[in-house]
Structure formats: structure tokens, C-alpha cells
Amino acid sequence: MTRRSTLGARNRGIPEATVARLPVYLRALHTLADRGIVTVSSEELAAAAGVNSAKLRKDLSHLGSYGTRGVGYEVQYLVYQISRELGLTQDWSVAIVGLGNLGRALAGYGGFASRGFRMAALLDADPAIVGERINGLTVEHIDKLEHVITDCGISIAVLAVPASAAQAVCDRVVASGVTSILNFAPVVLTVPDGVDVRKVDLSIELQILAFHEQRKAGGPAGVEHEYLEAVDGQ
């Protein structure tokens, strides 16, 4: 997800597509561990992760993990291997900028801590929100951004701000030394080399789902036919 957390993977030449799938494998493994499963075959893990087993085995081979013939993979050790590769054996301090509905939901999510991400700072520009306590943290004013990043040792910044403010906030975050950004604003950010940005755009995901729903219903041809009929009837 971030430049520093995947640096080991890059140094060993692990493909970015494989890095993107490692968190999916890790989530599946945690689910298996919670069920008390000690070992898992590549077929079972692949099914749980939603990939084919050949791809999974190739991905895990990049970590030096090949499993044991007839036994499979040891769940807890594979959790450790993937966590180490992703940098999750370290503590990453995270700041959320923008405490609207989305920012609040992210700040209140308890699953980050168990994955090595510690919510360390919350910032907003709205005087009505500044000073509020959310999940044990006090919301600081955006004017203090640079000081907060330095004082809290922020490694990752999460931007949940309006599109119109995203680039300016991004520039300040980068100037403060943060090189890993998770962007929820519906805008493409311009960053210098050495800075990694992951973009999460819910509207795009919904549009992709709409495309598939349309295909299930017979494709765009039917929609186009309805449009032409409407035009002819005018």
C-alpha cells in the first residue's frame, strides 16, 4: 500500500500485481486462523482469496514460500511471511485529513490497529469539528498540519477532503515528508517521484458495477434502442 511498507518486496523484484494480492491472501489467512485451521492447501487458500491456485503458488514463491507437498502451507507462518513483506510487523502512524462522514468512519474503524496501522492524528478545517474527540483523538486544525506530522511521526496520510482542496493538502503533506498517501478525494493528485498515492474512488467502483449489471440485462444495445425510440417519438 505504501512505498515504505513494500520496499522489501520491490528490492526482491516482487511484481506489483503480486504485492496487490498479498493483502487479500492475508485477509483469507486471518479468517482461516480464526477458525482454528493450522494448515491450508493452495487450492483451499486460492478459493478463499478468489484467485486460481497456480497464480497463488507463483505469488507465494516470490516470498520463498512453497508449502509442503501433501500438507500445504502453515497458516500462522504464512501470515507472518506476508505481514513481514508488507511491513505490517512495524507500527505505521496514520493521519486522517478531513473528518466528514467518510473521515469519521475511517477514524472509528477498529481493524487498522490489528494490521499495524495506528491512528495518530486527525485534522480538519471546520472550526465546528476542531477540538472534537473522535475515537480517543482530538481533531486538530489543518493549520497545524506540518507540526502534527512531525510531532506524531506520521508515515501515511489519508485524504478524505473535497476534491477542490485535495491537491493543496497533498502538497503540504508531501512537503512535510510524508511519502505515502491514501486518497479518497475524486481527483488525480500530482506528486513528485518517490511519493506513492493509492486512490480509492467509490463512484468509479459503482460505475464498474453498473456496467456489469447492464451487461447482465442484455448490454447497452437495448439502452440505445430505447433512446432512439424516444427520439423518434418526439
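About the thresholds
- Residues numbered from 1 in each chain as written.
- Predicted model: local features only at pLDDT ≥ 70, side-chain atom pairs only at ≥ 80, totals over all residues.
- Heavy atoms only, no water.
- UniProt positions renumbered as here; feature names shortened; annotations may be inferred.
- Helix = DSSP H or I, 4+ residues; strand = E, 2+ residues; numbered from the N terminus.
- Contact = heavy atoms within 4.5 Å.
- Polar contact = N/O pair within 3.5 Å; in protein donor to acceptor, adjacent residues only side chain to side chain.
- Axes fitted to C-alpha atoms, helices over the stretch in contact; angles between N-to-C directions.
- Parallel < 35°, antiparallel > 145°, perpendicular 65-115°, else oblique.
- Core = buried A, V, L, I, M, F, W, Y, C linked by side-chain atoms within 4.5 Å.
- Buried < 20%, exposed > 50% of the residue type's maximum accessible area, 1.4 Å probe, protein only.
- Pairing = 2+ DSSP bridges.

Identification of the chain as Redox-sensing transcriptional repressor Rex from Actinoallomurus vinaceus is taken from an unreviewed UniProt entry. UniProt lists a comment for the chain under the heading Subunit (unreviewed entry), and it reads "Homodimer."

Trainee: What's the story with the environment of Thr-138 in this structure? I'm lost.
Mentor: In this fold, Thr-138 is placed in strand E6 (residues 137-141). In contact with Thr-138, not counting residues within four places along its chain, are Leu-122, Gly-131, Glu-132 and Arg-133. Within the structure, Thr-138 has its side chain in polar contact with the side chain of Arg-133 (distance 2.8 Å).

Trainee: Looking at this structure, I do not really get the UniProt feature "binding site: NAD(+)" (unreviewed entry) in the chain. What am I missing?
Mentor: In the numbering used here, UniProt assigns the "binding site: NAD(+)" (unreviewed entry) feature to Gly-98, Leu-99, Gly-100, Asn-101, Leu-102 and Gly-103. Along the chain, the position of Leu-99 falls in the loop between strand E3 (92-97) and helix H6 (101-108). Apart from residues no more than four positions distant in its own chain, Leu-99 is found in contact with Arg-104, Ala-107, Leu-122, Leu-123, Asp-124, Ile-129, Ile-134 and Val-139. Relative to the assigned elements, Asn-101 resides in helix H6.

Trainee: Explain the packing of helix H2 (residues 16-34) against helix H3 (residues 42-49) here, please?
Mentor: Describing two packed helices takes the angle between their axes plus the distance from one axis to the other. The geometry of H2 relative to H3 is characterised by a closest axis approach of 9 Å and an angle of 110° between their N-to-C directions. One element, H2, and the other, H3, form an angle in the roughly perpendicular class. Across the interface between the two elements, Val-24, Tyr-25, Ala-28, Leu-29 and Leu-32 of H2 pack against Leu-45, Ala-48 and Ala-49 of H3.

Trainee: Help me understand the nonpolar core in this model?
Mentor: Core analysis: the biggest nonpolar cluster contains 38 residues, and Leu-29, Leu-45, Leu-60, Ile-82, Ile-96 and Leu-99 have the highest contact counts within it. Contributing elements (two or more residues each) for this core: H2, H3, helix H4 (53-61), helix H5 (75-86), E3, H6, strand E4 (117-124) and strand E7 (156-159). Residue contacts for Ile-96: discarding those within four places in its chain leaves Gly-103, Leu-106, Ala-107, Met-119, Ala-121, Leu-122, Leu-123 and Val-158.

Trainee: Any chance you could explain the sheet that holds E7 here in plain terms?
Mentor: Spatial ordering of the open sheet is given by E5-E6-E4-E3-E7-E8-E9, a layout of 7 strands whose pairing is mixed. Both edges of this open sheet fall to strand E5 (133-134) and strand E9 (196-199), since each of them pairs with a single strand only. One ladder, built from 2 bridges, connects E5 with E6; its direction is antiparallel. Bridging from a neighbouring strand, Arg-133 pairs with Thr-138 of E6. Seen against the sheet, helix H7 (residues 145-152) touches E3, E4 and E6 and runs at an angle of roughly 165° to E4. With respect to the sheet, helix H8 (residues 163-175) is in contact with E3, E7 and strand E8 (180-183), its orientation differing from that of E7 by roughly 170°.

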